[in-house]
Amino acid sequence: MTSPTIRSATPEDLPVLQHLGRQTFYETFAASNTEKAMQRYLDESFSAEKLLKELENSGSLFFLACDQTDTVGYLKINTGSAQTELQDEYSLEIERIYVKKAYHGHKIGQLLYEKALETALDRKKKYLWLGVWEENHRALAFYRKNGFTEFGKHLFRLGNEEQTDLMMRKEL
């Protein structure tokens, strides 16, 4: 595989982003959740209306990782009031870095993370932050390798279950 390109997503990318979001979330979490809970979450979180609203929000940015024939991953970052929790003007939230399972190990997640870091530095942010499920050991290792440390927890609801996300932060 050649090195993928990273490009900004636009509202015209809605169908690709919707499919990619549903696929990568399912690949990551289906084994740990009920099918009913997964389908409900996917329908709510990746509806065309919700994604279009996010794409049109000036505080949110989406980036797509594309190889020569496929879109293989994506990044969603938030600033200001678009952030899901802290909403600190000095921070940038990494809300999602997802890569198709078939492309794990190809450094695509690292490229997307570097795009988030570059954006934060360009915007003169003081730190990056994110939430990651405490049982997503692959993601936790990735963020720790990139210098993130835990600073708190919050609850994430999927279906009828409350799951704990670790809040992580990296000073810039």
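Here the residue numbering is sequential within each chain, running from 1 through the sequence in written order. For this predicted model, a pLDDT threshold of at least 70 governs which residues receive local features, and a threshold of 80 or more governs which side-chain atom pairs are given and counted, while totals over whole chains, interfaces and linings are taken from all residues. Hydrogen atoms and water are omitted, and side-chain values are computed over all heavy atoms in the structure.

A.B. asks: Would you mind going over the pairing of strand S7 (residues 161-171) with me for this structure?
C.D. replies: The side chains of a regular strand alternate between both faces of the sheet. In terms of strand pairing, strand S5 (residues 127-133) meets S7 through seven bridges, oriented antiparallel. The residue of S7 that forms the bridge with Gly 131 is Met 167. By the convention used here, strands pair only if DSSP detects at least 2 bridges between them. Segments assigned H or I by DSSP are reported as helices when at least four residues long, segments assigned E as strands when at least two residues long, and all are numbered from the N terminus. Two elements, strand S6 (residues 149-158) and S7, share nine bridges in a ladder whose sense is antiparallel. Residue pairing across strands places Glu 150 opposite Met 168, the latter belonging to S7.

A.B. asks: Teacher, can you tell me more about the side chain of Gln 83 here?
C.D. replies: Of note, Gln 83 is situated in the loop between strand S3 (71-78) and strand S4 (91-99). Think of a polar contact as two N or O atoms within 3.5 Å of one another; within protein, one of them needs to be a possible hydrogen donor and the other a possible acceptor, and neighboring residues in sequence only count if both atoms come from side chains. Only 3.1 Å separates the side chain of Gln 83 from the backbone oxygen of Asp 88, close enough to count as a polar contact. Once you skip the residues sitting within four places of it in the chain, Gln 83 turns out to touch Asn 78, Asp 88, Ser 91, Leu 92, Glu 93 and Trp 129. Contacts were defined at the residue level, with two residues in contact if any of their heavy atoms lie within 4.5 Å.

A.B. asks: Would you explain the environment of Lys 101 in this entry?
C.D. replies: Relative to the elements of secondary structure, Lys 101 occurs in the loop between S4 and helix H4 (108-122). Lys 101 sits 78 residues away from Gln 23 along the chain, and the two C-alpha atoms are 9.1 Å apart.

A.B. asks: Just checking my understanding: could you explain the packing of aromatic side chains for this structure?
C.D. replies: One pair of aromatic rings is described through two measures. These are the centre distance and the angle between the planes. Aromatic rings from Phe, Tyr and Trp, taking only the six-membered ring of Trp, are treated as a pair when their centres fall within 6.5 Å; an angle between ring planes under 30 degrees marks them as stacked, one over 60 as edge-to-face, and anything in between as tilted. Under the criterion given, the structure shown has 13 aromatic pairs. Both rings, one in Tyr 113 and one in Phe 142, keep their centres 6.2 Å apart while their planes meet at 90°; by these two values the pair is edge-to-face. With a gap of 29 residues between them, Tyr 113 in helix H4 and Phe 142 in helix H5 (residues 137-145) connect regions that are remote in the sequence. Taken together through their ring pairs, the aromatic side chains of Phe 25, Phe 29, Tyr 41, Phe 46, Tyr 74, Tyr 98, Trp 133 and Phe 156 make up a single cluster. Should the NZ of a Lys or the CZ of an Arg lie within 6 Å of a ring centre and within 35 degrees of the ring normal, that charge is described as sitting over the ring. Taking the ring centre of Tyr 90 as reference, the NZ or CZ of Lys 126 above it sits at 4.6 Å. The ring of Tyr 127 carries Arg 169 above its face, with NZ or CZ at 3.6 Å from the centroid.

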